[in-house]
Amino acid sequence: NWCPRCETAIADSEVEYADSTDPSIYVKFPLMGQNIEYLVIWTTTPWTLPANVAVAVKDDFRYARVKAIKGDESEILWIAEELVESVLRKGRYTDYDILETVYGSNLVGTTYSSPLVEKVPAQAGLTHRVISADFVTLENTGLVHIAPGHGWDDYLVGLENGLEVFCPVGEDGCFTEDAGLYADMYVKDANEIIIDDLGDFLLARESIEHRYGHCWRCKTPIIY
């Protein structure tokens, strides 16, 4: 737990929780070597997307390869089978067809690219792949964005899978030069810019009100 204003670590017992409103976004990660085919993830922290290195699934969940139709256009999306309809409603798709379903274990090792690679050149030097994690649940899309530089669970699963720990954020809560276009921006201020920069890779956006940790001294939202 890190307070970017005090520039100090915060013990778990010092974190104060309060209601906070944050973006809730569904993002398409393009599969390598495929045309208009994507993994769909969900996150409430768009500022962590420049540090993404993996997507986690659960081995025994079933995932659907869906032909999603919107008007005269279609694309292929990977979503947990039980969550397909709810995700497509959020994306305002007009029709769909499930092409196949597989267990999560069959997706492990699949490679993809960052939707922000043009904004964060360092992402081009990272390998992005699907891994398995026990903490994945059948919520949102059933696929979890992993940034080992920005979270304890992500860090541990990153160590287990040999993922790079990429953290382009300094102690002051601002992006470093490794974050490319976002260098020197305060992470929370960058949320809306990053969402805009996702362009067609943004499947849907909402807002969510939830309990979020703040520094006990200055009440600044903590980061990891």
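Before reading on, note that the structure itself is shown above.
Described below are features of the structure shown in this document.

Each value, and the rule that gives it
- Counting restarts for each chain, with residues numbered from 1 along the sequence as it is written.
- Confidence filtering applies because this is a predicted model: local features only for residues at pLDDT of at least 70, side-chain atom pairs given and counted only at 80 or more, and all residues used for totals across whole chains, interfaces and linings.
- Side-chain calculation: all heavy atoms of the structure are included, whereas hydrogens and water are not.
- Centres within 6.5 Å are what make two rings of Phe, Tyr or Trp a pair, Trp counting through its six-membered ring; a difference in plane orientation under 30 degrees is then read as stacked, over 60 as edge-to-face, and the rest as tilted.
- Exposure classes here rest on a 1.4 Å probe applied to the protein chains alone. A residue is buried below 20% of its type maximum, exposed above 50%, and partly exposed in between.
- We count a charge as sitting over a ring when the NZ of a lysine or the CZ of an arginine lies within 6 Å of the ring centre and within 35 degrees of the ring normal.
- Patch construction takes residues with relative accessible area above 30% that form no salt bridge. Like charges are linked within 9 Å, and nonpolar side chains (Val, Leu, Ile, Met, Phe, Trp, Tyr) are linked within 5 Å.
- Only the protein chains shown count as cover for residues, and the accessible areas themselves come from Shrake-Rupley with a 1.4 Å probe.
- Salt bridges are counted wherever a side-chain nitrogen of Lys or Arg sits within 4 Å of a carboxyl oxygen of Asp or Glu.
- We count a stretch as a helix when DSSP gives it H or I for four or more residues in a row; a strand needs E for two or more, and each element gets its number in order from the N terminus.
- Between the first and last residue of a helix there are one fewer steps than residues, each counted as 1.5 Å, and that sum is the expected span.
- Picture the helix axis, draw a direction to every C-beta atom, and the arc is the one those directions span.
- Think of a polar contact as two N or O atoms within 3.5 Å of one another; within protein, one of them needs to be a possible hydrogen donor and the other a possible acceptor, and neighboring residues in sequence only count if both atoms come from side chains.
- Whether two residues are in contact is decided by their heavy atoms: any pair within 4.5 Å suffices.

## Some thoughts on the packing of aromatic side chains
- Applying the stated criterion across every chain, the model contains 4 aromatic pairs.
- Ring centres of phenylalanine 175 and tyrosine 182 lie 6.1 Å apart, and the angle between their planes is 45°; on these two criteria the pair is classed as tilted. Summarising the burial analysis for this pair, phenylalanine 175 and tyrosine 182 share the class buried.
- In this structure, arginine 62 packs its charged tip against the face of tyrosine 103, placed 4.4 Å from the ring centre.
- If you follow lysine 70 out to its NZ or CZ, it ends over the ring of tyrosine 93, 4.5 Å from the centre.

## Some remarks on a nonpolar patch on the surface
- Judged by side-chain polarity, Trp152, Leu156 and Leu159 come together as a nonpolar surface patch covering roughly 330 Å² of accessible area.
- Among the structural elements, tryptophan 152 can be located in helix H3 (residues 152–161).
- Note on tryptophan 152: relative accessible area 59%, which makes it exposed.

## Description of the pattern of salt bridges
- Enumeration according to the criterion identifies 8 salt bridges in this entry.
- With a shortest N-O distance of 2.8 Å, lysine 219 and glutamate 16 are connected by a salt bridge. Note that lysine 219 is positioned in the segment after strand E12 (202–215) and glutamate 16 in strand E3 (residues 15–30), a separation of 203 residues in sequence.
- Using a relative accessible area of 45% as the deciding quantity, one classes lysine 219 as partly exposed.
- Looking at glutamate 16, the relative accessible area reads 35%, which means it is partly exposed.
- Shared partners join several salt bridges into a network, and the residues in it are Glu37, Arg65 and Glu100.

## Focus: helix H4 (residues 187–198)
- With 12 residues, H4 extends 16 Å from end C-alpha to end C-alpha; this agrees with the ideal 16 Å at 1.5 Å per step.
- Residues of H4 that are buried: Val187, Lys188, Ala190, Asn191, Ile194, Ile195 and Leu198. For H4, the angular spread of the buried residues around the axis is 145°, confining them to a single face. Facing away from the buried side of H4 by over 90 degrees, the exposed positions are Asp189 and Asp196.

## Remarks on the side chain of serine 24
- Relative to the assigned elements, serine 24 resides in strand E3.
- Accessibility expressed as a relative area gives 4% for serine 24, which makes it buried.
- Polar side-chain contacts of serine 24 include one of 2.8 Å to the side chain of tryptophan 42.
- For serine 24, the residues in contact, after removing those within four places along its chain, are Trp42, Thr43, Ala204, Arg205, Glu206, Ser207 and Ile208.

## Some thoughts on the environment of arginine 65
- Note that arginine 65 resides in strand E6 (residues 62–70).
- Of the residues examined, arginine 65 reaches a relative accessible area of 21% and is grouped as partly exposed.
- Separated by 16 residues in sequence, arginine 65 and glutamate 81 have C-alpha atoms that sit 8.5 Å apart.
- Those residues in contact with arginine 65, other than ones at most four positions away along the chain, are Glu37, Ile76, Leu77, Trp78, Asp97, Ile98, Leu99 and Glu100.
- Looking at arginine 65, its side chain comes within polar contact range of the side chain of glutamate 37, at 2.9 Å.

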